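The primary structure of each chain is shown beneath.
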Amino acid sequence: MADETSIKVSAATRDRLAMLAAENNTTIRNLVEALAESRPTQSEFEERAAQARAELASILGTVPSPEAETKARGLLERLGASQDSAAA
């Protein structure tokens, strides 16, 4: 395909990607593509946050304060960390 390219990684990373791909019945290419598609970029994250604020404003008639956003973000990060440790 004309739009293909390659990336350079260490041999250890390549071997790990190969192991992960094999465990998931896929290829390294598909594994990397799925990872890239599943993670939002910073601008996509900011766009989603703006959409969430707009939705909250339409439902509640106001937007959360910066302090409330910080607390919510901390809670979500802690929940994500607990999910990561539970999966390990």
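Refer to the preceding data block for the structure.
Nothing here was measured: the structure is a model prediction, and the numbers come from that model.

Undergrad: Can you help me understand the overall build of the chain in this one?
TA: The helix and strand inventory of the chain stands at four helices and zero strands. The linear arrangement of helices and strands in the chain, starting from the amino end, is α-α-α-α. Radius of gyration (C-alpha) of the chain: 19 Å, far over the 12 Å computed for a compact globule of 88 residues. Expressed along its principal axes, the backbone C-alpha trace of the chain runs to roughly 50 × 35 × 20 Å. Within the chain, the proportion of its 88 residues that are buried is 7%. Averaged over its 10 positive side-chain charges, the chain has a centre that lies 5 Å from the centre of its 14 negative ones.

Undergrad: Is there a simple way to explain unusual backbone geometry in this structure?
TA: In terms of backbone geometry, most residues other than glycine have negative phi values and most peptide bonds are trans. For Asn-25, which is not glycine, the phi torsion reads 55° and is therefore positive. As for its position among the elements, Asn-25 is in the loop between α1 (11-23) and α2 (28-38).

Undergrad: Help me understand the environment of Glu-4 in this model?
TA: Counting through the fold element by element, Glu-4 comes out in the segment before α1. Taking the C-alpha atoms as reference points, Glu-4 and Leu-79, 75 residues apart in sequence, are found 37 Å from one another. Here the side chain of Glu-4 touches Arg-29 through a polar contact of 2.7 Å, side chain to side chain.

Undergrad: Even after reading the chapter, I still don't get the packing of α1 against α2, so can you show me in this structure?
TA: When two helices pack together, their arrangement is given by the angle between their axes and by how far apart the axes lie. At a minimum axis separation of 8 Å, α1 and α2 run at an interaxial angle of 90°. The pairing of α1 with α2 is recorded here as roughly perpendicular in orientation. On α2, the residues that touch Arg-14, Leu-17, Ala-18, Leu-20 and Ala-21 of α1 are Ile-28, Leu-31 and Val-32. A class-by-class count of the residues in the contact of α1 with α2 yields seven nonpolar, no polar and one charged.

The rules we used
Numbering of residues begins from 1 in every chain and follows the order in which that chain's sequence is written. With the structure being a predicted model, the display of local features is reserved for residues of pLDDT at least 70 and the display and counting of side-chain atom pairs for 80 or more, all residues being used for whole-chain, interface and lining totals. Remark: hydrogens and water are excluded; side-chain values derive from all non-hydrogen atoms of the structure. Helix numbers and strand numbers start at the N terminus; a helix is a DSSP run of H or I with at least 4 residues, a strand a run of E with at least 2. C-alpha atoms define the radius of gyration, and 2.2 Å times the number of residues to the power 0.38 defines the globule rule. Note on exposure labels: buried denotes an accessible area under 20% of the residue type's maximum, exposed denotes more than 50%, and partly exposed covers the range between, all computed with a 1.4 Å probe on protein chains only. In this count, Lys and Arg are taken as positive residues and Asp and Glu as negative ones, while His and the chain termini are left out. In plain terms, the charge of a residue is placed at NZ if it is Lys, CZ if Arg, CG if Asp and CD if Glu. Pairs of N or O atoms are called polar contacts if they sit within 3.5 Å, as long as, within protein, a hydrogen donor faces a hydrogen acceptor (for residues adjacent in sequence, only side-chain-to-side-chain pairs). Angles run from 0 to 180 degrees between N-to-C directions of axes, and those axes are lines fitted to C-alpha atoms, restricted for helices to the stretch in contact. Geometric relationships in this document are graded by angle, where less than 35 degrees denotes roughly parallel, more than 145 denotes roughly antiparallel, 65 to 115 denotes roughly perpendicular, and other angles denote oblique. Contact definition: two residues touch when any of their heavy atoms are within 4.5 Å. Gly counts as polar in this scheme, as do all residues outside two lists: the nonpolar Ala, Val, Leu, Ile, Met, Phe, Trp, Tyr, Cys and Pro, and the charged Asp, Glu, Lys and Arg.

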